[in-house]
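Okay, here's what each chain looks like letter by letter:
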Amino acid sequence: MNTQKGTGLYYKDGLRDGIPIGLGYFSVSFGMGILAASKGFSALAALIMSATNLTSAGQAAGIEVIGEALLKSGGALVFSLLTAGELALAQLVINLRYSLMAVSLSQKLSPRFGSGHRFLASAFITDEIYAVGVTRKGDIEPRYWYGLATVPYFSWALGTLCGALAGNILPGAVGSALGIALYGMFLAIIVPPARDNGAVCFAVCVAAALSCLMFYLPFFSFLSAGFRVIICALAAACAAALRSPVEAEK
Amino acid sequence: MTVIIYVLIMAAVTYLTRMLPLALIREKIRSRFIISLLTYLPYTVLSALTFPAVFYATSSTAASLAGCAVALILAFFKVPMVLVALSASAASFIFLLF
């Protein structure tokens, strides 16, 4: 077993690899905080959301669903099982990709990953942390994984808090313009693979078209934002899976 | 406090999607359809989340469209994520000034 410096075995190696991810997270979560505050979240609620969820797409959907409920309630939000179910279902569908990443990650974990480490380490699976971790040579050690997650995790939480607090202080135009940063990040994730892969391009275009149709056609106006995303994403992914099945791994 | 309860429900479900496979699954998934579905799902989710919400992400639709266009072009040329996000904001900001 290689125990040299710089092989990705140490906490500080992970810490260093996580810095670029953390920088990106701060700017995006800043926009997320502004978005949350504009939909009626308190700064504390926004911070708790980012510190416990650590997911951009899931939180964006959650903000939309909860924001819609807040708007309808006119200030006095009462707990509703329907909204809770919608939130849970939305998180399940949107974050199902983490399950896929977790399956793939499970093949790369060092023997030091016992059940305890698996329970803790899984909380930090995000698109970017997963991508950096899994493309590293060799097995992943727990201390490297925790190092890798440290800067992104705190950047994500702090950025959200700063955004939620600054949303009220910043000049309107600045705060408003930062609200689009999150979607810029989403586009940066989906456009390059769609450009290179026809099947991904098909999936992305179908999902966007369905989502717009359901949003603009009055017939579907009974659908809330969360359900619209769930239905469109599942339908488009099903269509793409039937049209272009991917090669199963050996 | 209701918001916090909703947020914690989100967190619990999100954690389970990450934890259960890592803790339980020791074999590879065999269904080709499920694998294909899981491959495309991340992209369709992000796409459905982005459209049409991105058009209303700022206080003016024109500014949002400008930001969206800039993001699309830069992403097409594989500019790093942070730059795409910040450029989209900058483009929207310039539109909002007018």
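The structure we're discussing is the one just above.
What counts, and at which threshold
- Residues numbered from 1 in each chain as written.
- Chains lettered and ligands numbered in written order.
- Predicted model: local features only at pLDDT ≥ 70, side-chain atom pairs only at ≥ 80, totals over all residues.
- Helix = DSSP H or I, 4+ residues; strand = E, 2+ residues; numbered from the N terminus.
- Contact = placed C-beta atoms within 7 Å.
- Core = buried A, V, L, I, M, F, W, Y, C linked by C-beta atoms within 7 Å.
- Buried ≥ 20, exposed ≤ 12 C-beta atoms within 10 Å, placed from the backbone.
- Domains from an automatic or database assignment.
- Axes fitted to C-alpha atoms, helices over the stretch in contact; angles between N-to-C directions.
- Parallel < 35°, antiparallel > 145°, perpendicular 65-115°, else oblique.
- Left-handed = near helix turned anticlockwise from the far one by under 90°.
- Nonpolar A, V, L, I, M, F, W, Y, C, P; charged D, E, K, R; others polar.

Engineer: Explain the environment of Pro 142 of chain A here, please?
Structural biologist: All names here are of chain A. Counting through the fold element by element, Pro 142 comes out in helix α8 (residues 142–166). Expressed as a C-alpha distance, the spacing of Pro 142 and Ala 37, which sit 105 residues apart in the sequence, is 36 Å. The residues contacting Pro 142, other than those within four sequence positions of it, are Arg 112, Phe 113, His 117 and Ala 121.

Engineer: Explain the nonpolar core here, please?
Structural biologist: What tends to happen in soluble globular proteins is that the nonpolar side chains get buried as a cluster. Membership of the largest hydrophobic core comes to 119 residues, with the highest contact counts inside it found for Val 229 and Ala 233 of chain A. With 11 residues, helix α10 (residues 181–196) of chain A is the largest single contributor of residues to this core. Counting the residues that make up this core, at least three belong to each of domain 1 (11–178) and domain 2 (197–250) of chain A. Ala 233 of chain A has contacts with Val 93 and Ala 207 of chain A together with Leu 41, Thr 44, Val 45 and Ala 48 of chain B, leaving out every residue within four places of it along the chain.

Engineer: Would you mind going over the packing of helix α5 (residues 96–106) of chain A against helix α2 (residues 32–50) of chain B with me for this structure?
Structural biologist: Any two packed helices are characterised by how steeply their axes cross, that is the angle between the axes, and by the distance between the axes. It is the contact of α5 of chain A with α2 of chain B, at a shortest axis distance of 9 Å, that shows an interaxial angle of 130 degrees. As judged from the angle between their axes, α5 of chain A and α2 of chain B are oblique. Considering the relative orientation of α5 of chain A and α2 of chain B, their crossing is left-handed. Residues Leu 96, Arg 97 and Leu 100 of chain A of α5 of chain A form the contact with α2 of chain B, whose own contacting residues are Leu 38, Leu 41 and Pro 42 of chain B. Looking at side-chain class alone, the contact of α5 of chain A with α2 of chain B contains five nonpolar, no polar and one charged residues.

Engineer: What am I meant to see in the environment of Ala 60 of chain A here?
Structural biologist: All names here are of chain A. With respect to the helices and strands, Ala 60 occurs in helix α3 (residues 56–73). Among the residues examined, Ala 60 registers 25 C-beta atoms within 10 Å and is labelled buried. Placed 25 residues apart in sequence, Ala 60 and Leu 35 show a C-alpha to C-alpha distance of 8.5 Å.

Engineer: Looking at this model, I keep getting lost on the interface of chain B and chain A. Mind explaining?
Structural biologist: In many analyses, interface size is given as the accessible surface area lost on bringing the parts together. Taken together, the 65 residues of chain B in the interface contact 83 residues of chain A. Per-class residue counts for the side of chain B that touches chain A are 47 nonpolar, 14 polar and four charged.

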